[in-house]
Amino acid sequence: MSRFLCSLFLISFSNFSFGQLQSPKEFLGYDLGDLFSRHHQVVDYFKHLEQNSPQIQLTPYGKTNEGRILQLAFISSEKNLEQLEAIRTRHLHNSGSIPGPKNNDKAIVWLSYNVHGNESSSSEAAMKTAHALLTKYQDWLEDTVIIIDPCINPDGRDRYVNFYKQHRSVPYDDNRDTREHNESWHNGRTNHYIFDLNRDWAWLTQVESQQRLKQYNQWLPHIHVDFHEQGINSPYYFAPAAEPLHEVITDFQKDFQDALGKNHARYFDKEGWFYFTKQQFDILYPSYGDSYPMYLGAIGMTYEQAGGGIAGLGVQNDENIELTLKDRIEHHYTTGISTVEMAVKNRTKLNKNYQEYFSDKNLKFKNFILEGNQDQMNALAQFFKKHNIESARLAKNISIRGFDYQSQKNGNTSFTKNALVIPTDQTKGKMAHILLEPKTKLNDSLTYDITAWSLPYAYGLKANATQENVAVIPYNENQISAIVLDKNQYGYAINYRSFEDSKFLAALLKEGLGVRYNSVPISNSGKSWKEGSLFVLKGDNTKKINYIETLQQLANQFKRKLYPIKTGYSEIGPDLGADELHLIKAPKVAVLRTDAASSYRYGEIWHFFEQQLEYPLFQVELERLERMLPNIDLLILPGGSYDNWSNNPLENAIEEWISNGGRVVAISEALDLFADTENFSLKKKEAPENDTTSVPYAELERNKISEITTGSIYKATMDRSHPLSFGVDRYYTLKLNADAYELLEDSGNAFTLNENAKPFAGFIGHLAKDNQKNSLLFGQEDYGNGSIIYFVDNVLFRGFWYNGKQVFSNAIFF
């Protein structure tokens, strides 16, 4: 009798708890779509669901730059959630991430919302979807685990929602030209540092991506959906994806995308909603929320709803149809539920093909062998470690046959013992292959993003991709023992060879230590010192109390090996007191913010200084620039859309500042400020154009690709005596547009493309390709006592071009 009463109590308690589960409307106090919900309201609603249902479990996984919480919601049956770790382990048996028997137990679906903060309907849809799964579709939860990330980009979302709440009319105004539909320059799409988190899955430059991927690696789901918004005139987009598709994508992945699309279409057809498939959104670039999961065996997809920051609560599109937030939520809700439905119905098939994806090791290359200085190899090995991709070292000196990255053909490449090896016979071997392959196969040149990203080029490494087996040993970073410095030495020095050395130099200057570099090679204290080596000498630090302790602490912190300098008298070359040993002044650096600057390009500079180089940066508005100039040594101009100085009211003030010793670093489109003007020698090459008089109208867009590049990689010719090239053994540049510039007249051509220049990877049209020959990449023009450094290509693009960071650092400090 007591057992019966106890069971009755538990049933009653369960029903009572479920009865407290509120819909989004009941909890928030408004219908979804009537208002925008701030991030804390979304967080609070998911907490409410967890507190009132045994079928949802929240897992916080980090915080944003601005301190907002990042969390996942796991939705499944109560029994499954009690055994969630066991389910995860058994699921990872299927990929081989954890050894164990293969199984068809569960379907794992991951739904990611609001990666772009002003594509804001998706977090609203996340709340509706979670509530529906817990109340309407409980039968699905027995064999399925649904993982919901309600908001990947909380900082961007709140930036947009706060903007809209502050500027909207009541009732809302659906005229797109009104204030509520036009965000400011730093809009809600991006994160705190103005990075696009949907381009950062592979590169992991941002804290949100880094923390999220740790969770993703623990699950590697069968299906991943990234919910987006696009222009207000576009119908809804869902998979199947457009060409080009990377060649590692399997027939099953393509077929299942097609099956999902047909299931979505069934619901959309019933409502008379418009949609399109197989156009515009390809799966090639590996750093998207659809491609990255796809390359890890999932069915990766982007769903695109009309909307974005211009849409607000409602907006009239070009067809005089009012697009409302309510409509946008409903469409994303429908595809989300349809996706889970298909996973439930195809659990066994998903598991079987998932297992086959990871068991297939038939790749073009078995091993990638890479060699450079130790810092470069460590940086790449650390990058792969974040992706759970294993690295190794060569066990001995070898000459290996394969595709030689330097000669761009099959041949033998010699490597020394301890060179870096990335084998593809591992769980994430296909992902490693995609990130390292010398050329990505293109079955269509019209793509949504860049077509080249090969990491051996980005890190400036000697490389060979081979089908041969190689003997390896485990990869361990060479440990540098803590050093103890002798204050009685004449000084200490280090060869400057990597971005890690740039960071060390930045730290030395921040601490006020005197540092010199040599502009010509020398031999001193029994060691050869290439141009750009760093010397911290007693004579430059006499006023710095305990300078040797500071130097020792920083050397140990940055794991730098310093060599003692016993005398100022050099065996070969100038002595250490000669003019060729230059004292580095700690520069006061500013970046200029104007509406003409690209917010993305600005954010890359901001993030580089604060999170990578860790060196002070002034952020200056154009209206305040003239007042700030006396306090600035170096001014950085981000890429953007500029007229030349002759149309700028500050032209005279800036030119006078440069002439008096100021330095400018102009990046990509910012070169337009100086090109083809009277006072500066920079000349832009005329871009060749196709004769389209006989081209059919339907072929005009495709015909224009002969004039552009969609991301192409070239090998640079370097002037090794120029300070921009200090510490750089080889450099490959990533060209993001077809702009080309003539070589500078009076030297200063530090990095160039020669007359035989041709792309190593990526697409560039034949007209644009010809224009790149004999052109400037990076150079310096002296102007009075100051100078302008020109970066034709953006060396900080998306924060992943490792060698570019060193060249950019050289522009700052030397």
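Remember, predicted model here, so these are calculated numbers, not experimental data.

## Some remarks on the overall build of the protein chain
Reasoning step 1: The number of helices and strands found in the protein chain is 23 helices and 37 strands.
Reasoning step 2: Its C-alpha atoms give the protein chain a radius of gyration of 29 Å, within 12% of the compact-globule value 28 Å for 814 residues.
Reasoning step 3: A buried classification covers 60% of the 814 residues belonging to the protein chain.
Reasoning step 4: Contacts spanning at least 24 positions in sequence make up 78% of the contacts within the protein chain whose residues lie at least 6 apart.

## Some remarks on the nonpolar core
Reasoning step 1: Of all hydrophobic cores here, the largest spans 177 residues; its most connected members are Leu455, Leu551, Phe609, Phe674, Phe791 and Phe808.
Reasoning step 2: Looking at which element gives the most residues to this core, the answer is helix α16 (residues 499-510), with seven residues.
Reasoning step 3: Not counting residues up to four positions away in its chain, the partners in contact with Phe791 are Val665, Ala666, Ile667, Ser668, Leu671, Leu724, Leu777, Phe778, Val807, Phe808 and Ala811.
Reasoning step 4: Judged by nonpolar contacts, the second largest core, of 55 residues, contains Phe46, Leu111, Tyr333 and Val340.

## Topic: the sheet that holds strand β34 (residues 749-753)
Reasoning step 1: One open sheet accounts for eight strands, arranged β28-β27-β29-β30-β37-β36-β34-β32; its pairing is mixed. The outermost strands of the open sheet, each flanked by one partner alone, are β28 (618-621) and β32 (717-718).
Reasoning step 2: Inspection of the sheet shows strand β27 (residues 589-593) paired to β28 by four bridges, in the parallel sense. What sits directly across from Val591, in β28, is Gln619.
Reasoning step 3: Together, β29 (634-637), β30 (663-667), β36 (775-783) and β37 (786-791) form the strand contacts of helix α20 (residues 651-659), whose direction differs from that of β37 by roughly 105°.
Reasoning step 4: Where helix α23 (residues 802-813) meets the sheet, it contacts β27, β29, β30, β34, β36 and β37, and its direction lies at approximately 155° from that of β30.

## Observations concerning the sheet that holds strand β20 (residues 491-494)
Reasoning step 1: One open sheet holds the five strands; their spatial order is β25-β20-β24-β21-β26, and the pairing between them is antiparallel. Because the sheet does not close on itself, it has two edges, and the strands there are β25 (563-565) and β26 (581-583). Taking each pair of neighbouring strands and ignoring which way they run, the sheet shows an average axis angle of 30°.
Reasoning step 2: Note: β20 against strand β24 (residues 534-537), four bridges, orientation antiparallel. When the sheet's bridge partners are listed, Gly491 is paired in β24 with Leu537.

## Considering the pairing of strand β33 (residues 732-735)
Reasoning step 1: Side chains Tyr732 and Leu734 of β33 all project onto a buried face; the interleaved residues Thr733 and Lys735 project onto the opposite face, where all are buried too.
Reasoning step 2: Where strand β31 (residues 709-715) meets β33, four bridges bridge the pair, whose relative direction is antiparallel. By the bridge assignment for β33, Lys715 is matched with Tyr732.

## Notes on the pattern of salt bridges
Reasoning step 1: This structure, assessed with the given rule, holds 36 salt bridges.
Reasoning step 2: We note a salt bridge from Lys352 to Glu356, for which the minimum N-O separation is 2.8 Å. Separated by four residues within a single helix, Lys352 and Glu356 lie in helix α12 (residues 347-359), roughly one turn from each other.

## A word on the packing of aromatic side chains
Reasoning step 1: For the structure on display, the rule yields 64 aromatic pairs.
Reasoning step 2: Look at Trp201 and Tyr216: their rings are 5.6 Å apart centre to centre, the planes differ by 90°, and that puts the pair in the edge-to-face class. Of this pair, Trp201 sits in the loop between α7 (154-167) and α8 (207-217) while Tyr216 sits in helix α8, placing them 15 residues apart in sequence.
Reasoning step 3: Taking the relative accessible area as the measure of exposure, Trp201 reaches 1% and is therefore buried.
Reasoning step 4: Above the ring of Phe415, the side-chain terminus of Lys462 is found at 5.2 Å from the ring centroid.

## Side note on helix α18 (residues 599-613)
Reasoning step 1: When the terminal C-alpha atoms of α18 are compared, their 20 Å separation across 15 residues agrees well with the 21 Å that a helix rising 1.5 Å per residue should span.
Reasoning step 2: Along α18, the sharpest change in direction is near 30° and occurs at His607.
Reasoning step 3: Among the 15 residues in α18, 12 count as buried, and that is most of the element.
Reasoning step 4: Looking at α18, one finds that the buried residues are Ser599, Arg601, Tyr602, Gly603, Glu604, Ile605, Trp606, His607, Phe608, Phe609, Gln612 and Leu613.
Reasoning step 5: Contacts made by the buried residues of α18 are with α16, β27, β28, β29, β30 and α23.
Reasoning step 6: Between a side-chain oxygen at the N-terminus of α18 and the backbone nitrogen of Tyr600 the separation is 3.3 Å; the capping residue is Ser598.
Reasoning step 7: A positive backbone phi angle near 55° is found at Glu614, which sits one or two residues after α18.

## So, the pairing of β27
Reasoning step 1: Counting buried positions along β27 yields five of five residues, so the element is predominantly enclosed.
Reasoning step 2: Along β27, one buried face is formed by Val589, Val591 and Arg593 and the opposite face, lined by Ala590 and Leu592, is buried too.
Reasoning step 3: When β27 meets β29, the two strands line up parallel, connected through three bridges. From the neighbouring strand, Ala590 faces β29, where its bridge partner is Leu635.

The rules behind each value
Residues take numbers from 1 onward in each chain, read along the sequence in its written order. In view of the model being predicted, local features appear only for residues whose pLDDT reaches at least 70, and side-chain atom pairs are presented and counted only at 80 or more, with totals across whole chains, interfaces and linings using the full set of residues. The basis for every side-chain value is the complete set of non-hydrogen atoms in the structure, without hydrogens or water. Working definition: helices are DSSP H or I runs of at least four residues, strands are E runs of at least two. Numbering for both runs from the N terminus. Note that the radius of gyration is over C-alpha atoms, with the globule rule given as 2.2 Å times the number of residues to the power 0.38. Think of it in three bands: residues with accessible area under 20% of the maximum for their type are buried, residues over 50% are exposed, and the middle band is partly exposed, with areas taken using a 1.4 Å probe on protein chains only. Contact criterion: two residues are considered in contact whenever any of their non-hydrogen atoms come within 4.5 Å of each other. What makes a nonpolar core is a set of buried Ala, Val, Leu, Ile, Met, Phe, Trp, Tyr and Cys residues whose side-chain atoms join them at distances within 4.5 Å. Between any two strands, at least two bridges found by DSSP are needed for them to pair. As a rule, the C-alpha atoms of each element are fitted with a line to give its axis, helices using only the stretch in contact, and angles between N-to-C directions run from 0 to 180 degrees. Here a salt bridge means any side-chain nitrogen of Lys or Arg lying within 4 Å of a carboxyl oxygen belonging to Asp or Glu. When the centres of two rings from Phe, Tyr and Trp lie within 6.5 Å, Trp using its six-membered ring, the rings pair. Their planes under 30 degrees apart give stacked, over 60 give edge-to-face, and anything left gives tilted. The rule for a charge over a ring is simple: NZ of Lys or CZ of Arg within 6 Å of the ring centre, and within 35 degrees of the ring normal. Expected helix span is given by 1.5 Å per residue-to-residue step, counting one fewer step than there are residues. A residue's bend is simply the angle between two axes: one fitted to the seven residues ending at it, one to the seven starting at it. Polar contact criterion, stated in full: a pair of N or O atoms within 3.5 Å, where within protein one must be able to donate a hydrogen and the other to accept it, and residues adjacent in sequence count only if both atoms are side-chain atoms.

Bear in mind that shape data such as this cannot, by itself, settle questions of function.
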